[in-house]
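Breakdown of the fold
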Amino acid sequence: MKLQEYTESHHNFEECMKCTVCTAYCPVLQANPLYPGPKQAGPDGERLRLKDPYFFNQALKYCLNCKRCEVACPSGVNVADLIQSARIKYDHTPPKLRDRILASTDFMGKLARPFAPVVNGVTGLGVTKTVLDVTMKIDRHRTFPKYSGTSFEFWLKRRKKEQAAFPEQVAYFHGCYVNYNYPQLGKDLVKVLNALGVGVQLLDKEKCCGIALITNGMSAEARKHAIHNVAQLRQAVLDKGLKVVTTSSTCALTMRDEYPNLLGVDNADVRESLLLATRFIFEKLEKGATLKFKAGYHKKIAYHTPCHLEKMGWAIFSEKLLRMIPGVEFILLDSNCCGISGTYGFKKENYEVSQAIGEPLFAQIRSVNPDVVACDCETCKWQIEMSTGYTVMNPISILAEAIE
Amino acid sequence: MKFDSVIIGGGLSGMVAGITLQKAGQNTAIISTGQNALHFFSGSFESLKEPGQRILDLFAEAGVRLHYSPGLWLTPLGTFKESALSLEDIDLFPERKFARKVLIVNFLGYHDFFSSFLAEGLEKQGMSCRVRFLNLPELEKLEQSPSEMRSVQIARTMDRLWEKVVQEVRVLLKDEDAVVLPQVFGLQDTSVPGRIRQGIPARVIFAGTLPPSVPGIRTQILLKQRYQLLGGTYMMGDEVVRAHVHDGVVHSVATKNLDSHYLEAANFILSTGGYFSKGLISNPFQVYEPVFGLDVEYKEDRNQWYNPAFKEDQPYMHFGVKADENLRALQDGKPLQNLYVAGSVLGDTRPEFGTAAGQAIRTALHAADQILKK
């Protein structure tokens, strides 16, 4: 029936009670008056858009997809999914060259890796930043993550035999950041897991989880990545009986939740086997495994909960692990968005909003004055390091540093 | 994950129980399905007839100052309700006529504060009223999106702009002995309402707006911070989907976010709230409690659930989960050994603990005490 096409929503917008609680927790609304806010952009707007796509509002692009509206909603409405789905469904503006480049994290990584020293040198130059600012509208304040000369995949492949010798095995979805920019995090994970008697394997061939493609209006490409990655997960989980871990909260959220909810790619048979590494390690320790910590370790750690981890509700595992380390003074920072939201903060038009959103978090970090900020998200790391000067470490790297 | 106690529901009741247990040395977790009824809080605890130093202390330690002065509070519609305990910035009056002349001040373009209703209500009590609007250029930014000119957005700017409001009000003030302002002050900086009162040479009354409630959110933030500072684990945005109960004892609960990772505890508190928070659910046939399927006190005949006269006392508001004298939840007529019930999921079934926010606090303290006595 024709009518159904227009009156059916896959999201539960009708459960919105119009209580406006989500608007109190939207970080964008605090900084950008052009954004209509989660209630208006999500459930209210959905009702209108179903009647006539004319009501789609381009200002929905200001949504960070931080999902704090969903965390706050007392009625369980998938507000962020409503907004992102509407962008996928109604916004057919072709993405700009800049957005394509920012979104293609694994392609750019492949391209840059062989020339890492040159690329790092060039992207770090003031003149390059100015050129990118003017021509591409990539804000000049941003520092591009450095590329590593050796990929993590290459490093781990050389240790295949050694890893295969461990009695228990796990597959690692390392993501673009670990592979091309910061293999050390992957190496740290291998160290911690090996200490627990667990060997680390790669997936047969992983692709970028696709979050940057989704938020930059390239959902068709994102869907291809999703289909590919779910097939890879099935191979590991169903054929080999492995758990799959990641060290990036956003990769985990994307593959567990965005694939089925936004891209329509079913992952029900593997979803529960895809875990954040901190959860996997916590569960091992809970079942009796032990880690041997160094004597005399001392660190004051302020933990920042990334938005996507707040949404997943798994920050408790990272928190409990860090608290377990003898000699750690642990401070839980108030859960606030840092403002970068992946590629969002790199765009010139978003720079000021991005910094304004993050300011309460930066101010709290400065007042706590920790030795290090801990956080499970790579883009939060860039933002906090750039904006506060404090070093940010993944909890896995802290664990690796603290064990013998 | 193992805890001493797991509290299901993170509103006023859950946080009061959590703070009490943490302070007594327990390791607890609170699971909260989104934000809670404090976001609709009037700022006044309606039922408490006696001060209870313990309650004042618990809130003061969290940075929430309360005052005990039995009387009447001014509703957002210009009527009065009885109360005894309030947040510091919410006034309680010994009698309805609290001033001779009242200046009611609102912000231009802000529709969630009912200044004309207030004026009408106060004039009925013999106070002459004047309504004026402030046009602050700093708020024009908010007006670009009129649907978002809300209490909290204004409150965020008021932590910086309150002095300007004081100046403008002083200019407007003639011979009035009271000024009514919307409750949009002191969201982050709790000293702001007090400083406004010092700056205006008349009695300043902060009256309620449409939700979200700024004093309520402030209370939520401070109580949650206190709970976390005491080492409590607050899990926001998660939901208990299943409970594992054997032989009258709750062993663990499963949540939406943690799927197969169960939360185990020696004791559990159910403080999931009323109908709005889905602590109680009604359908055409029954009123039920969704997490444990506990016994619920309600009328069989659906026609007796409500009173067609909208403003009258509504029977469905009295329905709630059944509990024994120690607030242990009843399932099939028998108490579960380690599950306690607190807050509005009890409905008005336990008048001895008061109603509304007062009941939320008292049942929470009682439940926590039962656990600590064990």
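What about the overall build of chain A?
The helix and strand inventory of chain A stands at 22 helices and eight strands. Against the compact-globule benchmark of 22 Å for 404 residues, chain A has a radius of gyration of 21 Å, which places it among compact chains. Its C-alpha atoms give chain A principal-axis dimensions of about 60 × 50 × 40 Å. Taken across its 404 residues, chain A has 52% of its residues classed as buried. Sequence-distant contacts, at least 24 apart, represent 77% of the contacts inside chain A between residues at least 6 apart.

Quick look at unusual backbone geometry
Omega for the peptide link from P211 of chain B to P212 of chain B comes to 0°, which places this bond in the cis form. With phi around 70°, K67 of chain A is a residue other than glycine that occupies positive phi space. Within the secondary structure layout, K67 of chain A lies in the loop between α3 (38–51) and α4 (68–72). Here N369 of chain A, not a glycine, exhibits a phi torsion of approximately 50°, which is positive. Residue placement: N369 of chain A occurs in the loop between α20 (351–368) and β7 (372–374). Classification of N369 of chain A by C-beta neighbours within 10 Å gives exposed; the count is 10.

Here's the deal with the packing of helix α13 (residues 183–195) of chain A against helix α22 (residues 395–402) of chain A
Residues and elements named next belong to chain A. α22 packs onto α13 with a crossing angle of 55° between their chain directions and a minimal axis gap of 8 Å. The angle between the axes of α13 and α22 places the two elements in the oblique class. Viewed along their axes, α13 and α22 form a crossing whose handedness is left-handed. In contact with L185, D188, L189, K191 and V192 of α13, α22 contributes I396, S397, L399 and A400.

Re the domain arrangement of chain B
As a measure of interface size, the accessible area lost when the parts come together is often cited. All names here are of chain B. You can read the domains of chain B as domain 1 (2–40 + 218–373) and domain 2 (44–211). For domain 1 and domain 2, the distance between their C-alpha centres works out to 31 Å. Contact residues are listed per partner, giving 16 residues for domain 1 and 15 residues for domain 2. Secondary-structure elements contributing two or more residues to the side of domain 1 that touches domain 2 are α1 (12–23), α7 (214–229) and α8 (356–373). Its residues placed into classes, the side of domain 1 that touches domain 2 shows eight nonpolar, six polar and two charged.

Remarks on the interface of chain A and chain B
Taken together, the 26 residues of chain A in the interface contact 31 residues of chain B. Going through the elements one at a time, α2 (21–25), α4 and α18 (307–312) of chain A are the ones with two or more residues in the side of chain A that touches chain B. Looking at the side of chain A that touches chain B residue by residue, the class counts come to 15 nonpolar, seven polar and four charged.

Digging into the sheet that holds strand β3 (residues 44–45) of chain B
All names here are of chain B. Pairing is antiparallel across the open sheet formed by three strands, whose spatial order is β3-β5-β4. Single-partner strands in this sheet number two, and they are β3 and β4 (66–74). For β4 and strand β5 (residues 80–87), the ladder comprises seven bridges, and the chain directions are antiparallel. Residue pairing in the sheet places L74 in a bridge with F80 of β5.

Remarks on the pairing of strand β6 (residues 101–107) of chain B
All names here are of chain B. Across the seven residues that make up β6, a large majority, six, are buried. Where β6 lies against strand β7 (residues 128–134), seven bridges are found, and the strand directions are parallel. Counterpart to I104 in the pairing with β7 is V131. Following the backbone out of β6, through helix α3 (residues 115–124) and into the adjacent parallel β7, one traces a crossover that is right-handed.

Structural notes on the environment of P351 of chain B
All names here are of chain B. Here P351 is to be found in the loop between β19 (334–341) and α8. According to the C-beta neighbour criterion, P351 is exposed, with 10 such atoms within 10 Å. On a C-alpha basis, the gap between P351 and S115 in space is 34 Å, while along the polypeptide they are 236 residues apart.

Focus on the pairing of strand β1 (residues 2–8) of chain B
All names here are of chain B. Here β1 lies mainly inside the structure; five of its seven residues are buried. Across four bridges, β1 lies against strand β2 (residues 28–32) in parallel orientation. Bridge pairing in β2 places V6 opposite A29. Handedness of the crossover is the feature at issue here: the chain leaves β1, passes through α1, returns alongside β2, and the resulting connection is right-handed.

A word on the confidence of the model for chain B
Summary statistics for chain B give a mean pLDDT of 94 and a share of 99% for residues scoring 70 or more. Listed scores for the predicted complex are pTM 0.94 and ipTM 0.93.

Some points on the domain arrangement of chain A
Residue and element names in this part refer to chain A. By domain assignment, chain A separates into domain 1 (2–90) and domain 2 (292–402). Computed from C-alpha atoms alone, the centre-to-centre distance between domain 1 and domain 2 is 28 Å. Split into classes, the residues belonging to the side of domain 1 that touches domain 2 amount to six nonpolar, three polar and three charged.

Quick notes on the nonpolar core
In this structure, V28 of chain A together with V6, I8, A329 and V341 of chain B are the most contacted members of the largest nonpolar core, which totals 232 residues. Among the elements that line this core, the one with the most residues is α8 of chain B, at nine residues.

Some words on helix α5 (residues 79–90) of chain A
Residues and elements named next belong to chain A. Compared with the 16 Å implied by 1.5 Å per residue over 12 residues, the 16 Å span of α5 between its first and last C-alpha is a close match. With nine of 12 residues buried, α5 is to be regarded as a mostly interior element. Those residues of α5 not exposed but buried are V79, A80, D81, L82, I83, Q84, S85, A86 and R87. Buried residues belonging to α5 abut α2, α3, α4, α14 (211–215) and α16 (249–261).

Quick word on the sheet that holds strand β6 (residues 328–332) of chain A
Backbone hydrogen bonds are what pair the strands of a sheet, in a parallel or an antiparallel way. All names here are of chain A. Reading across from one edge, β6-β5-β7-β8 is the order of the four strands in this open sheet, with parallel pairing throughout. Whereas interior strands pair on both sides, the edge strands pair on one side only; in this sheet they are β6 and β8 (392–393). Looking at chain direction, strand β5 (residues 299–303) and β7 are connected through three bridges and run parallel. Among the inter-strand pairings, A302 is bridged to a residue of β7, identified as V373. Together, β5, β6 and β7 form the strand contacts of helix α19 (residues 315–324), whose direction differs from that of β6 by roughly 155°.

Overview of helix α21 (residues 378–388) of chain A
Residues and elements named next belong to chain A. Counting buried residues in α21 gives eight out of 11 residues, a clear majority hidden from the surface. The set of residues buried in α21 consists of E378, T379, C380, K381, W382, Q383, I384 and S387. Packing partners of the buried residues in α21 comprise α12 (175–181), α20, β7 and β8. Note on α21: the residue one or two positions beyond its end, G389, has a positive phi of about 85°.

Topic: the packing of α20 of chain A against α21 of chain A
All names here are of chain A. Running from amino to carboxyl end, α20 crosses α21 at an angle of 70°, the nearest separation of the two axes being 10 Å. Here α20 lies roughly perpendicular to α21, going by the angle between them. In the packing of α20 onto α21, the handedness of the crossing is right-handed. Across from Q355, G358, F362, I365 and R366 in α20, the residues of α21 making contact are Q383, I384, S387 and T388.

Thresholds, definitions, all that
- Throughout this document, residue positions are counted from 1 along each chain, in the order its sequence is written.
- Chains and ligands are labelled sequentially in the order written, the chains with letters from A and the ligands with numbers from 1.
- At least 70 in pLDDT is required for a residue's local features to be given in this predicted model, at least 80 for side-chain atom pairs to be given and counted, and no such filter applies to totals for whole chains, interfaces and linings, which use all residues.
- Secondary structure elements follow DSSP: runs of H or I of four or more residues count as helices, runs of E of two or more count as strands, with numbering from the N terminus.
- A radius of gyration in this sense is built from C-alpha atoms; the matching globule rule multiplies 2.2 Å by the number of residues raised to 0.38.
- Here a residue counts as buried when 20 or more other C-beta atoms fall within 10 Å of its C-beta, as exposed when 12 or fewer do, and as partly exposed in between; the C-beta atoms come from the backbone.
- The contact rule is simple: place each C-beta atom from the backbone, and if two of them lie within 7 Å, those residues are in contact.
- A fitted line through C-alpha atoms serves as each axis, taken over the contacting stretch for helices, and the angle formed by two N-to-C directions is quoted from 0 to 180°.
- In this scheme, roughly parallel covers angles under 35 degrees and roughly antiparallel covers those over 145, while 65 to 115 is roughly perpendicular and the rest are oblique.
- By convention, the crossing between two helices is left-handed when the near helix turns anticlockwise from the far helix through less than a right angle, and right-handed when the turn is clockwise.
- A domain assignment, automatic or from a database, supplies the domain bounds used here.
- Classification convention: Asp, Glu, Lys, Arg as charged; Ala, Val, Leu, Ile, Met, Phe, Trp, Tyr, Cys, Pro as nonpolar; all other residues, Gly among them, as polar.
- At least two DSSP bridges between two strands are needed for those strands to be called paired.
- When the strands point away from the viewer and the path from the first strand over the helix to the second turns clockwise, the crossover is right-handed.
- Scored from 0 to 100, pLDDT reflects the predictor's confidence in each residue.
- For this entry, the nonpolar core is defined as buried Ala, Val, Leu, Ile, Met, Phe, Trp, Tyr and Cys residues connected by C-beta atoms within 7 Å.
- Working rule for helices: expected span equals 1.5 Å times residues minus one.

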